Amino acid sequence: MIDVLEEQETGTKLESKIPEGPLADKWTKHKFNLKLVNPANKRKYEIIVVGTGLAGASAAATLAELGYNVKAFCFQDSPRRAHSIAAQGGINAAKNYQNDGDSVFRLFYDTIKGGDYRAREANVHRLAEVSVSIIDQCVAQGVPFAREYGGALANRSFGGAQVSRTFYARGQTGQQLLLGAYSALSRQVANGKVKLFPRTEMLDLVVEGGKARGIITRNLITGKIEAHSAHAVLLCTGGYGNVFYLSTNAMGSNTTAIWRAHKKGALFGNPCFTQIHPTCIPVKGNYQSKLTLMSESLRNDGRVWVPKTKEMAEKVRKGELKAKDIKEEDRDYFLERRYPSFGNLVPRDVASRNAKMVCDEGRGVAPTGLAVYLDFADAIKRDGRKVIEAKYGNLFEMYEKIVDDDPYETPMKIYPAVHYTMGGLWVDYNLMTNIPGLYALGEANFSDHGANRLGASALMQGLADGYFVIPYTLGDYLATIGPADKLPVDHAVFKEAENGVKETINRMLSIKGEKTAEELHRQLGHIMWEYCGMARNEEGLIKARKLIQELKEEFWSNLRITGTDQELNPALEQASRVADFIELGALMVEDALNRNESCGGHFREEYSTEDGEARRDDEHYTYVAAWQYKGPNQPEKLHKENLVFETVKLTQRSYK
Amino acid sequence: MDVTLKVWRQKNSQTPGKMVEYKLSDISPDMSFLEMFDVLNEQLAHKGDEPVAFDHDCREGICGMCSMYINGRPHGPQTGTTTCQLHMRNFNDGDTIVVEPWRALAFPVIKDLVVDRDALDRIVQAGGYVSVNTGSAPDANEMLIPREIAEEAMDAAQCIACGACVAACKNASAMLFTAAKVSHLAVLPQGKAEHKLRAERMVAQMDAEGFGACSFTGACAVECPKSISLDHIARLNREYLGAKLTSNNV
Amino acid sequence: MSWVTTTLSSSLGRKVVMSLTGLFLCTFLVVHLVGNLQLFKGDEGRAFNEYSYFMTHNPLIKTISYLLYASIIIHAVMALVLTRQNQASRPIKYAYARPEDNSHWTSRNMGILGTILLIFIVIHMRTFWYTMHFGPITLAGEEIQAGSIPQVTYDGEPIKDLYAVTTFAFSYLWYVILYVLSMAALAFHLVHGFQSGFQSLGLRHKKYSPLIEGIGTYVFGILIPALFAAMPVYIYLKVNHILF
């Protein structure tokens, strides 16, 4: 069936393009129905790929292998530095190598359920289907996945899944997968099929005749503004977690590419769906620039607790009382107490919310009051230090390096932190946005994780989109438009976009105010974390709306950037990104206000059960909220794509 | 704590640079080295001076972007650590800290502490891959790879291409970097098909970029944030010599 | 360029040349040492002189000796080429560097050590090799002089008395000191050089590398230079009747 969402005012249609037929056959059938580009014609097409993470690098490499001419852009100095590299845990695939009952359908089901029933069935099923090929492809590239002694691939269980389907390369799975994709990309650079543009940032999308025509970029070293024309533009620019200032994202991760595309007409799907990861190293001081994730696997052996009373926690915070001096009966193992069947292994959103709750009660243990213990004393007693060291040695070492505390002796202190954004540009089944020729892949789109992403699924989605989906779906579009349908870069529409970009930069440089982009970004982060973070309520969101508006005004009247636009100028880069984060923050607040339910990472305090659990409202909110930009300082317009569940029955998640 | 910084300032690749001294007070020992630089840059910006440009991104020790030569050593005094993971508690109150960019012919300075490391990408482009198109892979478990081989490959594969090996080497040699990639693919069966060509091409590119030769001082392995071993350099030598003697490229 | 020149002009190929010539010179040192140990024999130099005669007259040894001279020259020239390349690869030096924190002094100064050794070899060859081959024969009854060589008759056969040249040279304290210092340089050069030679050939293995390191350090780094250094010291002490 075709799921149509209606543009009420103008009557234009936006289609999810989900193929007809039984769920398991949709992708196969769809692949057959897609148009093909003749091999000899492929070299007549130019494709722009922005971002070189798992999605971008795999897409660029694969499209080049097919014969298309690809231009790949990244703001880092090398494509290999994209933030996919920091993913630790692993990548899921329904290989069922462990003979423990896994299947494509089970991976599909777990992902839909984990996403709290806010993702498309067809997309998720396709993801589960191609997961199998991803592992084959990566192994063939030489990715050194962990192995059993006999030489077969090893798996581990991850993120509360009941089967072992996670493939991993030590604690550096993201790095190894990215280097695999990067090596494929490098091969195509050597072949002359990919042209690389490192240290280059996309600052605008060029749209003409309703189609994506190219992009405007800034060379970050020389400051030169350049136009690039192509038959299609793929945005693979990752998530926007840095809207919270502090997150586990890289310092440079930003929303600019997708936000500027949004301002050119691309709909933004579910912007408020943010994943807060429960096990991060807590914030220490105002100077803090980023948060470091400690692998989720730690919760397999660590026990989460805080002191039972506020008074005792107070003493801990002042340094008068040490964790190990707190008696067993004075400790509150709150996850084990509240969720006896899952205990410390509840999903990320639940674990995070509970940590926040006990800290809000005044029982947090760091000087800031924002931390809970993750204690390995029992595990060490049970298995011995050696076993724990073998499992988590490198993580403990990293923790000690950052915090200067020995986790073998004192319990770790952890606190949730922003980690992943499920929201992103709205795309149809072909990963195309509502602007023909503009695609969004990986974390930059909204598509596969619903309201909450399961562990080890981000890598899977990035590579699925790049290696196995876009090579088919893009061809369909290109065959439709034909090789001649491309504009020259001296076309007026490019000049206009270039001028717009230059104007914005000049405007920022000419403010000459008092606050740096860094300070304004930190302010935005405070607002977002306080009112649109782990728990949200109407009152707070309305307040945030006002605060963000004020911040936006302050940004455009009191910004200070030193240096010029004709050189490497990190302050200017940051300012340009923060401007977009502020606008996106406002949209996230609107989306959170609109969604009067609690689902996945989106927790509205008003919509919870008596004992503080999330309460979904399937009757009114089983839809994707796709927002349309209507001009500066205009409220955005909401479009709804209703989610139809033909296979899965919606149930309330329970981990009690 | 209070520290005095002596930092290399250079406007761009065409302008000569110089060391400039800055004093910073009330630095928290819990700050990372880069956060200390953030503080410096905020102060500079407020004074109307231009902040110090430096490369950084993930700030968790894996992207390989950060690249400072601190007090005479790449990534500073703590071994097995990138600059972003180095904390101020490794220094003393009142210390003078000298910070310079990586120095190598193949790594020209772009600005201040930022250098151009494209040479490393070009070495990979010369052959640091397995030539396999998407979709043509057999089932992953069809090729059994003993655990110790996979581990050995992983030891080499975890290189983050930060360039500390080049910065540390008295010859600015990129042997450890090149060796890590050649070695990763040489020990795995997937990399066997083109291992000769790979070694020949990657070494040729390494030389063409203007890196020095290996003197086996071991500085690279000591300073490598991922502790990649000199064993891999020996394997590269073996691979290269073997390729030169037996390949069909006359 | 053919594959040979390509290989020899690559940084790795050049290191292989350094390695092969260096390791060959190491084996020569062993032979040289064994022969020279005859000096310690209390036979007024007969064994030593007969060994010298053999070494200068055996056709096979003579052939190898040309290989040896070539090795020294190639090793030195290649070192020069590599050093220039290495220096060019860092045109701007660090203002402040602490290489002692990550590497040994010897490994970073093979060029200086090698230069000292080259100068030593020239002096050494002038004193002994040149005198042996081209020095004027000291007539019977004449005092030995620097650069000339007397003859000695064993079993009715007159041969050149290199032993006399040796004892004459090492009767001077400054000459002995020069030799001892040069042998110290040799020690440092070999501590790094021997192991490095195997590394350049890719001969490194968990099982055997400790052995190579052990031989490099204790045999080539300590034992051989110490025995070589002991010769001038022993002769000096003997000639000047200090100890023996």
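Model, not experiment: these values are computed from the prediction.

A. Highlighting the interface of chain A and chain B. Between chain A and chain B, the contact holds 76 residues from the first and 77 residues from the second. For the pair chain A and chain B, the summed buried surface comes to about 6300 Å²; carbon and sulfur atoms form 50% of the total. Taken together, the links from chain A to chain B amount to 11 salt bridges. Linking chain A with chain B are 51 residue pairs in polar contact (both at pLDDT 80 or more). Broken down by secondary-structure element, the contributors of at least two residues to the side of chain A that touches chain B are helix 3 (54-66), helix 5 (121-141), helix 6 (173-190), helix 12 (385-403), helix 13 (458-481) and helix 15 (517-532) of chain A. Per element, the largest residue contribution to the side of chain A that touches chain B is nine residues, and it comes from helix 6 of chain A. Classifying every residue of the side of chain A that touches chain B gives 31 nonpolar, 24 polar and 21 charged.

B. Representation of the UniProt feature "transmembrane region" (unreviewed entry) in chain C. Residue and element names in this part refer to chain C. Here the UniProt-annotated "transmembrane region" (unreviewed entry) positions come out as residues 20-40, 60-83, 110-129, 172-194 and 215-237. Helix makes up 81% of residues 20-40 and strand makes up 0%, while its end C-alpha atoms are separated by 31 Å. With 100% helix and 0% strand, residues 215-237 has end C-alpha atoms that lie 30 Å from one another.

C. Layout of the sheet that holds strand 1 (residues 3-9) of chain B. One open sheet holds the five strands; their spatial order is 2-1-5-3-4 (chain B), and the pairing between them is mixed. Taken across any chain shown, the strands that pair with only one partner, and hence form the sheet edges, are strand 2 (18-24) and strand 4 (73-74) of chain B.

D. Structural view of the UniProt feature "active site" (unreviewed entry) in chain A. All names here are of chain A. With numbering aligned to this structure, UniProt lists the feature "active site" (unreviewed entry) at Arg348. Among the secondary structure elements, Arg348 is positioned in helix 10 (residues 348-360). Leaving out residues up to four positions away in the same chain, Arg348 has contacts with Phe158, Gln275, Ile276, His277, Pro278, Glu296, Arg299, His419, Arg453 and Gly455.

E. Expanded view of the environment of A:Pro307. Counting through the fold element by element, A:Pro307 comes out in strand 14 (residues 303-307). Setting aside chain neighbours within four positions, we find A:Pro307 in contact with A:Met312, A:Ala313, A:Val316, A:Ile326, A:Asp330, A:Asp332, A:Arg363 and A:Val365.

F. Looking closely at the pattern of salt bridges. If you walk through the whole model with that rule in mind, you get 77 salt bridges over all chains. Put simply, A:Arg118 and A:Glu597 hold a salt bridge, and the shortest N to O gap is 2.9 Å. In this pair, A:Arg118 sits in the loop between helix 4 (104-114) and helix 5 while A:Glu597 sits in the loop between helix 17 (570-594) and helix 18 (618-621), placing the two residues 479 residues apart along the sequence. As far as the burial class goes, A:Arg118 and A:Glu597 line up, both buried. Notably, a salt bridge pairs A:Arg170 with B:Glu151, separated by 2.9 Å at the nearest N-O pair.

G. Highlighting helix 2 (residues 11-36) of chain C. Helix length check: helix 2 of chain C, at 26 residues, gives a terminal C-alpha distance of 37 Å against a target of 38 Å (1.5 Å per residue), a fit within 8%. Counting buried residues along helix 2 of chain C, 19 of its 26 residues qualify, which places the element largely inside the surrounding structure.

H. Representation of the packing of aromatic side chains within the structure. Throughout the structure, instances matching the rule amount to 43 aromatic pairs over all chains. Note on A:Phe376 and A:Phe396: the rings are 4.9 Å apart at their centroids and 65 degrees apart in plane angle, and the pair reads as edge-to-face. Here A:Phe376, found in the loop between strand 16 (372-375) and helix 11 (377-383), pairs with A:Phe396, found in helix 12; they are 20 residues apart in sequence, far enough to count as distant. In this pair, the class of A:Phe376 matches that of A:Phe396, namely buried. Ring pairs connect the aromatic residues C:Phe120, C:Phe128, C:Phe170, C:Trp174, C:Tyr175 and C:Tyr179, which therefore count as one cluster. Sitting over the ring of A:Trp27, A:Arg126 keeps its end group 4.9 Å from the ring centre. In this arrangement the basic side chain of A:Arg385 is found over the ring face of A:Tyr408, its NZ or CZ atom lying 3.8 Å from the centre.

The rules behind these values
Residues numbered from 1 in each chain as written. Chains lettered and ligands numbered in written order. Predicted model: local features only at pLDDT ≥ 70, side-chain atom pairs only at ≥ 80, totals over all residues. Heavy atoms only, no water. Contact = heavy atoms within 4.5 Å. Buried area = accessible area lost by both parts, 1.4 Å probe. Salt bridge = Lys/Arg side-chain N within 4 Å of Asp/Glu carboxyl O. Polar contact = N/O pair within 3.5 Å; in protein donor to acceptor, adjacent residues only side chain to side chain. Helix = DSSP H or I, 4+ residues; strand = E, 2+ residues; numbered from the N terminus. Nonpolar A, V, L, I, M, F, W, Y, C, P; charged D, E, K, R; others polar. UniProt positions renumbered as here; feature names shortened; annotations may be inferred. Pairing = 2+ DSSP bridges. Buried < 20%, exposed > 50% of the residue type's maximum accessible area, 1.4 Å probe, protein only. Expected span 1.5 Å × (residues − 1). Phe/Tyr/Trp six-rings, centres within 6.5 Å; stacked < 30°, edge-to-face > 60°. Lys NZ or Arg CZ within 6 Å of the ring centre and 35° of its normal.

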